[in-house]
Amino acid sequence: MSNLIQLLPDHIANQIAAGEVIQRPASVVKELMENAIDAQAMKIDVNIKEAGKSLIQVVDNGAGMSPDDAELCFARHATSKVRKADDLFALSTKGFRGEALASIAAISHVQMNTKRQSDATSICIEIEGSKIKLKEESVTPTGTSFQVKNLFYNVPARRNFLKSNQVEFRHIQDEFERVALAHPEVHFTLIHNDNELHNLTPGVLRKRIVDVMGRKSNDRLVPIEETSDIVKLSGYVLKPEFSRKTRGEQYFFVNNRFFKSGFFNHAIAKAFEGLLKDRYFPSYFIYLEVDASKIDVNVHPTKTEIKFEEEKYIYSILLSSIRQALGRYNIAPTLDFDRETSFDVPASVRTQTPIEP
Ligand code: ADP
Ligand code: MG
């Protein structure tokens, strides 16, 4: 009997991989934004039409690509971020699988323009269902821009299962905000159907949180800060009285990467114990910095679950530092460092010399 096994052609393999990496328009937005961050962009503009069903455009002013790389980046397992197996254990980039662009190009129509600082002209590539349709010189600024149209044009099952524009756009906004909250030093804009929804200018973390969440949130944040050999912890929790009935505003980042963790969430819920109304959830923006070799981000293709070597230790640091911060705030709820506190002290008291305890 003859042999039956064949290797899948690339465009089919890419389409299968795409099923894992690209679930919906928001996945494209996430992958393209993360690539822009990895390319050291300082400004990233996201332009969406019809919740990404007709257009997803991401423009960055990052490093750009050489003309050869501009073509190679769409091949599967093509990455500039991992060279040897050891690199997988000390990742400092968002991407490393080299799957995103191959996947996106397999199931949509993509136009990409890219130029490095040192090049005089840029390269424009058009690719549809993994096939290159055009490659030519063009004139665009330094950096890279992607236009993704007709997403899932050749995967009707996926296209038909997309939710309403409102729901799909909500997912896009979530991904956008996660990346923006992880990188306060980068300028981001988000436009949907010609309306500018975000224009986040660079600044400190507190400013970025307030710019994303709304001006009112400024007075509601309680800072968290703790440093040990194993983890550097920073960020904010929302004062308990502003907690919500939904889990919306719960953000963990490790080394500037958003992740989800039921385990760490439990530590925070515990720190809030006794301070929340029944069925209310704490809101938080928690940033961990740990040695990249002590975490494994290679758990899932969409990478929101992360394994921590020292998770029990981090749990207890989270619990104790948040408890402390909330305690401090509860004892002195008006002690707000942004305010001129001396105005709160009656004039008569202000002139007296304080008595030593
Ligand atoms: P990964 O991010 O896992 O490496 P991708 O498929 O997302 O895989 O990207 C493949 C490669 O294309 C990247 O490793 C990078 O070298 C290059 N690349 C992708 N997007 C950009 C960008 N916006 N600017 C510069 N280079 C990029
Ligand atoms: Mg990537």
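Being a predicted model, the structure only gives us computed values, none of them experimental.

**Student:** What should I look at first to understand the site of ligand 1 in this one?
**Tutor:** Near ligand 1, the surroundings consist of 18 residues, among which N35, T79, S80, K81 and G98 are the closest. At a separation of 2.7 Å, an oxygen atom of ligand 1 approaches a polar backbone atom of G98. Between ligand 1 and the protein, one listed contact pairs an oxygen atom with a backbone N or O atom of A100 at 3.3 Å. Protein coverage of the free-state accessible area of ligand 1, which is 540 Å², stands at 93%. Using a 2 Å cut-off from the grid points, one finds that ligand 1 occupies the largest pocket.

**Student:** How do you make sense of the state of the cysteines when you look at a structure like this?
**Tutor:** Simply put, the disulfide is a covalent bond whose two ends are the sulfur atoms of two cysteines. Taken as a whole and judged by the stated rule, the model has zero disulfides. The cysteine C73 is free of any disulfide, with C124 supplying the nearest cysteine sulfur at 12 Å. The class for C73 is buried, based on a relative accessible area of 12%.

**Student:** Looking at this model, I keep getting lost on the layout of surface pockets. Mind explaining?
**Tutor:** Reported here for the largest pocket is a volume of approximately 620 Å³. Lining the largest pocket are 29 residues, with N35, C73, S80, K81 and L101 positioned closest to its centre. Of all the secondary-structure elements, those providing two or more residues to the lining of the largest pocket are α2 (25-38), α3 (67-72), α4 (100-106) and β6 (143-149). In terms of residues, the lining of the largest pocket owes the most to one element, α2, which gives four residues.

**Student:** Would you mind showing me how to read the sheet that holds strand β4 (residues 122-128) here?
**Tutor:** The strands making up a sheet associate through hydrogen bonds between their backbones, and the pairing can be parallel or antiparallel. The strand order across the open sheet formed by eight strands is β5-β4-β3-β6-β2-β1-β7-β8, and the pairing between neighbours is mixed. What marks the edges here is a single partner per strand, and that holds for β5 (131-138) and β8 (195-200). Averaged over all pairs of adjacent strands, the angle between strand axes in this sheet comes to 10°, irrespective of strand direction. Helix α6 (residues 165-182) rests against β1 (43-49), β7 (187-192) and β8 of the sheet, and its axis sits at about 175° to β7.

**Student:** Teacher, can you tell me more about the sheet that holds strand β9 (residues 221-227) here?
**Tutor:** What the five strands build is an open sheet, ordered β9-β10-β13-β11-β12; its pairing is mixed. Two strands close off the open sheet at either side, each with one partner strand: β9 and β12 (257-259). Within this sheet the neighbouring strands show an average axis-to-axis angle of 20°, counted without direction. Pairing between β9 and strand β10 (residues 232-238): seven bridges, direction antiparallel. What sits directly across from V222, in β10, is V237. Against the sheet, helix α7 (residues 205-213) touches β9, β10, β11 (250-254) and β13 (284-289), its axis set at about 35° to β10.

**Student:** Mind showing me how you'd approach the pattern of salt bridges here?
**Tutor:** Pairs may arise between side chains of opposite charge once their charged atoms sit close together. Taken as a whole and assessed by the stated rule, the structure comprises 14 salt bridges. As a salt-bridge pair, E249 and R244 come within 3.4 Å of each other at their nearest N and O atoms. Here the residues in one salt-bridge network are R170, D174 and E177, joined through shared partners.

**Student:** What am I meant to see in the pairing of β8 here?
**Tutor:** Remember that side chains alternate between the two faces of the sheet whenever the strand is regular. With five bridges connecting them, β7 and β8 associate as antiparallel partners. Across the sheet, residue F188 finds its bridge partner in β8, namely L200. Linking two consecutive strands that pair antiparallel, namely β7 and β8, is a turn of two residues; a positive phi of about 45° is found at N193 within it.

**Student:** What exactly am I supposed to notice about the packing of α6 against α7 here?
**Tutor:** Following both chains from N to C, one finds α6 and α7 inclined at 160°, their axes separated by 9 Å at the closest point. It follows that α6 is roughly antiparallel to α7 by the angle criterion. α6 and α7 meet at a crossing whose hand is right-handed. Here E177, A180 and L181 of α6 come into contact with α7, specifically with L205, R208, I209, V212 and M213. Broken down by class, the residue content of the contact of α6 with α7 amounts to six nonpolar, no polar and two charged.

**Student:** For this particular structure, what's the right way to read α2?
**Tutor:** Owing to its 3.6 residues per turn, the α-helix aligns residues three or four sequence positions apart on the same side. End to end, α2 covers 20 Å across 14 residues, agreeing with the expected 20 Å (1.5 Å per residue, within 8%). Of all 14 residues making up α2, 13 are buried, and the element is well covered by its neighbours.

**Student:** Just checking my understanding: could you explain the packing of aromatic side chains for this structure?
**Tutor:** Any pair of aromatic rings gets described here by the distance separating the centres and the angle formed by the planes. Tallied over the full model, the rule gives 15 aromatic pairs. Geometrically, the ring pair formed by F74 and F146 is edge-to-face, given 6.4 Å between the ring centres and 75° between the ring planes. Taken together, the positions of F74 in the loop between α3 and α4 and F146 in strand β6 put the pair 72 residues apart, joining distant regions of the chain. A relative accessible area of 7% means that F74 is categorised as buried. Judged by its relative accessible area of 6%, F146 is buried. Measuring from centroid to centroid gives 5.3 Å for Y251 and F285, while their planes differ by 10°, and the two rings are stacked. Residue Y251 is found in strand β11, and its partner F285 is found in strand β13; the two are separated by 34 residues along the sequence.

Here is what the cut-offs are and how they apply
Residues numbered from 1 in each chain as written. Chains lettered and ligands numbered in written order. Predicted model: local features only at pLDDT ≥ 70, side-chain atom pairs only at ≥ 80, totals over all residues. Heavy atoms only, no water. Near = heavy atom within 4 Å. Polar contact = N/O pair within 3.5 Å; in protein donor to acceptor, adjacent residues only side chain to side chain. Areas by Shrake-Rupley, 256 points an atom, 1.4 Å probe, with all protein chains shown as cover. 1 Å grid on protein atoms, 1.4 Å probe; cavity = no way out; pocket = protein on both sides within 12 Å on 5 of 7 lines; lining within 4 Å. Sits in = over half its atoms within 2 Å of the grid points. Disulfide = S-S within 2.5 Å. Buried < 20%, exposed > 50% of the residue type's maximum accessible area, 1.4 Å probe, protein only. Points joined across faces, edges and corners; volume = space filled by probe spheres on them. Helix = DSSP H or I, 4+ residues; strand = E, 2+ residues; numbered from the N terminus. Pairing = 2+ DSSP bridges. Axes fitted to C-alpha atoms, helices over the stretch in contact; angles between N-to-C directions. Contact = heavy atoms within 4.5 Å. Salt bridge = Lys/Arg side-chain N within 4 Å of Asp/Glu carboxyl O. Parallel < 35°, antiparallel > 145°, perpendicular 65-115°, else oblique. Left-handed = near helix turned anticlockwise from the far one by under 90°. Nonpolar A, V, L, I, M, F, W, Y, C, P; charged D, E, K, R; others polar. Expected span 1.5 Å × (residues − 1). Phe/Tyr/Trp six-rings, centres within 6.5 Å; stacked < 30°, edge-to-face > 60°.

Geometric descriptors of this kind do not, in isolation, establish any biological role.
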